[in-house]
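The chain contents come next:
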Amino acid sequence: MQSLRRLQLTAMGAAMAAAFGMSLPAHADTFGFNGYFRAGPGTTSNSSNGGPARQCYNLPGVDAGHYRLGNECNFYGEFGFNDYGSVGTAKYHNEVMINEYSPGTDIGTSSSSFEQMYGSVSGVDFAPEVHFWAGKRFYGRANIDMLDHFFVRMDGVGGGADHIALGNSGATVGLAYFGSDSYAGFGDGGNDLSTKSGRRFNVDVMSIPVNQGGTLRITGTLTKSNAVGGTSGSAISFQHNQKLPQIGGGNVLWLQYARGSASLAQNFGSDTSPSSAAAWRIADAVDWQAGRFGGQGDLVYGHHDAGSNNNTLAYANGLVAYTNTSLGARFTYALTGNLRVIGQFGHMTKKPDGNSTETLNLETIGLSVVPDAYKYYSRPEIRLYYTHASWNAAAALDPANTAYNGDNGLPGYSTTGAAGSTSGNSIGLQVEAWF
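Keep in mind that this is a model prediction, so the values were computed, not measured.

A. Region of interest: unusual backbone geometry. Residues Arg379 and Pro380 are joined by a peptide bond in cis, for which omega reads 5°. Locating Pro380 in the fold gives a position in the loop between β19 (358–369) and β20 (381–391). Positive phi is not limited to glycine here, since Gln266 has a value of about 70°. Here Gln266 is to be found in the loop between β14 (249–260) and β15 (278–290).

Here's what the structure looks like:
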């Protein structure tokens, strides 16, 4: 279907060029379109009392994203345009991607930005296997989908070369330099306007064979912020990918460390975090599809030293050391070839030094219609869901949780000394698609 779409677009482009008396370059081959979006309405238990139309829940500073099923209150889309071609043995790829973001359920108050705008060339005569690139792009991403969180995300404006072979082992290395980066993250802040300059160098060694069906990825980072008082930083990430054909899936395990202005995701962190402030985490995710039953599970445990701000949703109280955990799973069960039951549970904790442990629990159940209910990642998925969230008084009374922006924070915070509400319910309809 994708090849047919590109053929149709190429033919359409040729027809338009002829109509305007122009000629296409002799090397033009194909034009493609790719993207992602999520949207849908919802209501919550306090909407009838003046509350927002939708309510979502998270503990800011837990560096593992949020349990997103039934817990996404934004309207978001990414739309990329790709041009592929070749001249002799050389191949090229140009991509431009825009995004659309709204914290509500309508694009009327949304904002847009260019998320990617880069070009790459490979198959050159002096280094046939190497890919050379420059521009603004997503780079080296690795995520846990159910958390909507990238544990490796070297996005930014830069350039480099990758797919450099390391002997005959099958391993490759990528070298990249970045001169700026969005500290809010692409789409996370809703406007992508918080770009700050700095210097970042990444080395990414991928697909090192270490065991049967298993490979190791090692990513290293050096940073220096250009901000007044900006600091240096360094980070390293070990990522083990294991194929598990016995369960129709696989497992990925991360061990990560960051210091100063570098982040655990091998990106820029806070531009002024002192070099003495460090963070580390261990994260594990498993995917499976056994007949009708599919799913994904996760376990994350991390620690941030005082002064560390190595996460885009870092603990808002600043110079406070804390630990955080995240444990959960999402499942699907096919009732028919196109209808399935979906569910999710998640447990998150945050323990600031000298303060009580904060907890947040989420449970979601629903039904969804998909093209193939026997494949966990089948999309588009149209979901009808019910979500229940509960949190303790320590979470409700933490000022760090007041920064509620639709997906990040808790609506039960109270400045009166009382915990206020410590639970919430929501029901909604959502479509999620990638193409």
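B. How the structure looks around the nonpolar core. If you look at the biggest cluster of nonpolar residues, it comprises 30 residues, and the most contacted ones within it are Phe151, Trp254, Leu360 and Trp391. When contributions to this core are tallied by element, the ones reaching two or more residues are β7 (142–144), β8 (149–152), β10 (172–182), β14, β15, β19, β20 and α2 (393–396). Setting aside chain neighbours within four positions, we find Trp254 in contact with Ala142, Asn143, Ile144, Phe151, Val152, Ser237, Phe238, Gln239, Arg281, Ile282 and Ala283.

C. Representation of the packing of aromatic side chains. Applying the stated criterion across every chain, the model contains 16 aromatic pairs. Pairing Phe31 with Phe81 gives two aromatic rings, centres 6.4 Å apart and planes at 25°, and the pair type is stacked. A residue pair is termed long-range when its members are at least 10 positions apart, and Phe31 in strand β1 (residues 28–39) and Phe81 in strand β3 (residues 75–87) qualify at 50 residues. Residue Phe81 is classed as partly exposed on the basis of its relative accessible area of 34%. Aromatic side chains Tyr139 and Phe178 sit 6.0 Å apart centroid to centroid with 55° between the ring planes, which places their arrangement in the tilted category. Taken together, the positions of Tyr139 in the loop between β6 (127–137) and β7 and Phe178 in strand β10 put the pair 39 residues apart, joining distant regions of the chain.

D. Focus on the state of the cysteines. Applying the stated criterion across every chain yields a total of 1 disulfide. Here Cys56 connects covalently by a disulfide to Cys73, the sulfurs 2.2 Å from one another. When the S-S torsion is 100°, as for the bridge of Cys56 with Cys73, the disulfide is right-handed. One end of the pair, Cys56, is in the loop between β2 (42–44) and β3; the other, Cys73, is in the loop between β2 and β3, with 17 residues separating them in the sequence.

E. Layout of the pattern of salt bridges. The full count for this structure, using the stated rule, is 15 salt bridges. Notably, a salt bridge pairs Glu432 with Arg68, separated by 3.0 Å at the nearest N-O pair. Residue Glu432 is located in strand β21 (residues 423–434), and its partner Arg68 is located in the loop between β2 and β3; the two are separated by 364 residues in the primary sequence. Taking the relative accessible area as the measure of exposure, Glu432 reaches 1% and is therefore buried. A salt bridge links Arg217 to Asp204; its shortest N-O distance comes to 2.8 Å. Placement of Arg217 in strand β12 (residues 214–225) and of Asp204 in strand β11 (residues 195–211) is noted, with a sequence separation of 13 residues between them.

F. Geometry of the environment of Leu69. Secondary-structure assignment places Leu69 in the loop between β2 and β3. By relative accessible area, which is 1% here, Leu69 ends up buried. Put simply, Leu69 and Arg383 are 314 residues apart on the chain and 9.3 Å apart in space, counted from C-alpha to C-alpha. Apart from the residues lying within four places of it in its own chain, the contact partners of Leu69 are Arg330, Ile342, Gly343, Gln344, Thr364, Arg383 and Thr387.

G. Main features of a nonpolar patch on the surface. Among the surface-exposed residues, Ile236, Phe238, Leu253, Leu255, Tyr257, Trp280, Ile282 and Tyr301 lie close enough to one another that they form a single nonpolar patch of about 650 Å² accessible area. Where the nonpolar patch is concerned, the elements lending two or more residues are β13 (232–244), β14 and β15. Of all the elements, β14 adds the most residues to the nonpolar patch, at 3 residues. Locating Ile282 in the fold gives a position in strand β15.

H. Here's a closer look at the pairing of β15. One ladder, built from 10 bridges, connects β14 with β15; its direction is antiparallel. When the bridges of β15 are listed, Leu253 appears paired with Asp284. Where β15 meets strand β16 (residues 293–304), 12 bridges bridge the pair, whose relative direction is antiparallel. Within β16, the residue paired with Asp287 across the bridge is Gln296. Connecting β15 to the antiparallel partner β16 that follows it, the hairpin turn spans 2 residues, and Gly291 within it adopts a positive phi of roughly 65°.

I. Seen up close, the side chain of Arg383. Mapped onto the elements of the fold, Arg383 is located in strand β20. Polar side-chain contacts of Arg383 include one of 2.7 Å to the side chain of Gln430. Once residues within four sequence positions are removed from consideration, Arg383 is found in contact with Leu69, Arg330, Ile342, Leu367, Ser368, Gly428, Leu429, Gln430 and Glu432.

J. Representation of the confidence of the model for the protein chain. Looking at the protein chain, pLDDT values average 84 and 80% of them are 70 or higher. Per-residue pLDDT stays below 50 along residues 183–194; that stretch engages in 40 contacts with residues further than four places along the chain or on separate chains. In this model, residues 310–318 is a region of pLDDT below 50 whose contacts with residues beyond four sequence positions or in other chains number 37 contacts.

K. Quick peek at the environment of Tyr385. Within the fold, Tyr385 resides in strand β20. A relative accessible area of 5% places Tyr385 in the buried class. Once residues within four sequence positions are removed from consideration, Tyr385 is found in contact with Arg54, Gly70, Thr364, Ile365, Gly366, Ser426, Ile427, Gly428, Leu429 and Gln430.

L. Structural view of the pairing of β3. Across 13 bridges, β3 lies against strand β4 (residues 90–102) in antiparallel orientation. Each residue of the ladder has a partner; that of Asp83, found in β4, is Asn94.

How each quantity is defined
Counting of residues starts from 1 at the beginning of each chain's written sequence and follows it residue by residue. Owing to the predicted nature of the model, reporting of local features is limited to residues with pLDDT of at least 70; listing and counting of side-chain atom pairs is limited to 80 or more, with chain, interface and lining totals taken over all residues. Remark: hydrogens and water are excluded; side-chain values derive from all non-hydrogen atoms of the structure. Each helix is a run of DSSP H or I of at least 4 residues and each strand a run of E of at least 2, with the numbering of both proceeding from the N terminus. Take the buried Ala, Val, Leu, Ile, Met, Phe, Trp, Tyr and Cys residues and link them wherever side-chain atoms come within 4.5 Å; each set so joined is a nonpolar core. Each residue is assigned to one of three classes by its accessible area relative to the maximum for its type, calculated with a 1.4 Å probe on protein chains only: buried under 20%, partly exposed between the two thresholds, exposed over 50%. It only takes one pair of heavy atoms within 4.5 Å for two residues to be counted as in contact. A pair of Phe, Tyr and Trp rings is counted when the ring centres sit within 6.5 Å of each other, with Trp represented by its six-membered ring. The angle between the planes then sorts it: under 30 degrees is stacked, over 60 is edge-to-face, the rest tilted. The disulfide definition used here is simple: a pair of cysteine sulfur atoms within 2.5 Å. Every case where a carboxyl oxygen of Asp or Glu lies within 4 Å of a side-chain nitrogen of Lys or Arg is listed as a salt bridge. Two distance rules govern patches: like charges are joined within 9 Å, and nonpolar side chains (Val, Leu, Ile, Met, Phe, Trp, Tyr) within 5 Å, applied only to residues with over 30% relative accessible area and no salt bridge. Computed with a 1.4 Å probe, the accessible areas rest on the Shrake-Rupley method; for each residue, only the protein chains presented here act as cover. At least two DSSP bridges between two strands are required for those strands to pair. Any pair of nitrogen or oxygen atoms within 3.5 Å is treated as a polar contact; in protein, a donor-acceptor pairing is required on top of that, and neighbouring residues in sequence qualify only through side-chain atoms on both sides. Per-residue confidence from the prediction method is given by pLDDT, with values spanning 0 to 100.

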